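Each chain, letter by letter, is given below.
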Amino acid sequence: MRSFSLTVQAKLCSLVCAVAAVSLGKDVIFSYVLTLVCFFTLIIQKKWQITVTYGLFYILLGILLYLIRYQGLHMYVFSEFYVLMFWNLSPIFLSSWDLMTTPPGELSAFMSRIHMPTSVILGILVVFRFFPTVKSELKSVYLSMKNRGLTGIRHIFRHPLITGEYVLIPFLFRVLMIADQLSVSGTARGADTPGIRGSYYEKNMCMADIAIMILWIVVTVAYLRIGGIKI
């Protein structure tokens, strides 16, 4: 199947359906159906890294659930409750990740099209891009420390406070620089200009997006009908 990138509308529909199904569904174990649909949407978009990584984690959760339910496994470090929680919330995690990793231009174009206030658009974009940015900056700090020989286990245990300072200070300076750059970039792009703005990243829905939305709605209704609804 030809790969494509889902529109924001389709990803938002996936997230809403996943939240509704997980919140209202009675059969927690049966939620694997929703997770399989999430994996399907990720695969057709060729998002292999999250598919393989979370797929292995999900298989591990399935093995643990089987051992807990049928073999009487009792874990002392990691509670059985957390295994069931991660299993049940996996559709929400995957659909949220798919939406949060959408290019900021597509998100802003969609929110501007539905007449969302500019302040809300900017706030949502900052929140969505916060975790990827933090990950990237921490990786840069780690590489810088590694080049200076400051990431050794012996050095970390002998000087934990100094190691923390080496990480925290450059990271905070970098975050402040990024905040200034975002302010300048937003002003240069007319973020404070009233009215509806266009976008180079605006995408129209295609048949594939409609098919995915219909699939999610059908699966959610079937999941609630077969598995039962919480009363």
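An unreviewed UniProt entry annotates the chain as Cobalt transport protein of Catonella morbi ATCC 51271. Quoted verbatim from the Subcellular location (unreviewed entry) field of the UniProt record, the comment on the chain reads "Membrane".

Peer 1: I would appreciate a short explanation of the UniProt feature "transmembrane region" (unreviewed entry) in the chain in the present structure.
Peer 2: The UniProt feature table records "transmembrane region" (unreviewed entry) at residues 12-44, 50-68, 75-94, 114-131 and 206-226. The span residues 12-44 shows a helical share of 79% and a strand share of 0%, and its end C-alpha atoms are spaced 17 Å apart. Secondary structure content for residues 50-68 is 100% helix and 0% strand, while the C-alpha to C-alpha distance between its ends is 26 Å.

Peer 1: Just checking my understanding: could you explain the side chain of threonine 51 for this structure?
Peer 2: Along the polypeptide, threonine 51 turns up in helix H3 (residues 48-70). In this structure threonine 51 comes out as buried when scored by relative accessible area, which is 11%. With sequence-adjacent residues up to four places away left out, threonine 51 is seen in contact with Phe39, Leu42 and Ile43.

Peer 1: What is the right way to read the packing of aromatic side chains from this model?
Peer 2: Any two aromatic rings considered together are summarised by their centre-to-centre distance and by the angle between their planes. Tallied over the entire structure, the rule returns ten aromatic pairs. Relative to tyrosine 223, the ring of phenylalanine 30 lies with its centre 5.6 Å away and its plane at 10°, an arrangement referred to as stacked. Of this pair, phenylalanine 30 sits in the loop between helix H1 (8-24) and helix H2 (32-44) while tyrosine 223 is found in helix H9 (residues 207-227), placing the two residues 193 residues apart along the sequence. Here tyrosine 223 falls in the buried class, since its relative accessible area comes to 2%. Ring-pair connections join several aromatic residues into one group, and the members of that group are Phe39, Tyr54, Phe57, Tyr58, Phe86, Trp87 and Phe93.

Cut-offs applied
Residues numbered from 1 in each chain as written. Predicted model: local features only at pLDDT ≥ 70, side-chain atom pairs only at ≥ 80, totals over all residues. Heavy atoms only, no water. UniProt positions renumbered as here; feature names shortened; annotations may be inferred. Helix = DSSP H or I, 4+ residues; strand = E, 2+ residues; numbered from the N terminus. Buried < 20%, exposed > 50% of the residue type's maximum accessible area, 1.4 Å probe, protein only. Contact = heavy atoms within 4.5 Å. Phe/Tyr/Trp six-rings, centres within 6.5 Å; stacked < 30°, edge-to-face > 60°.

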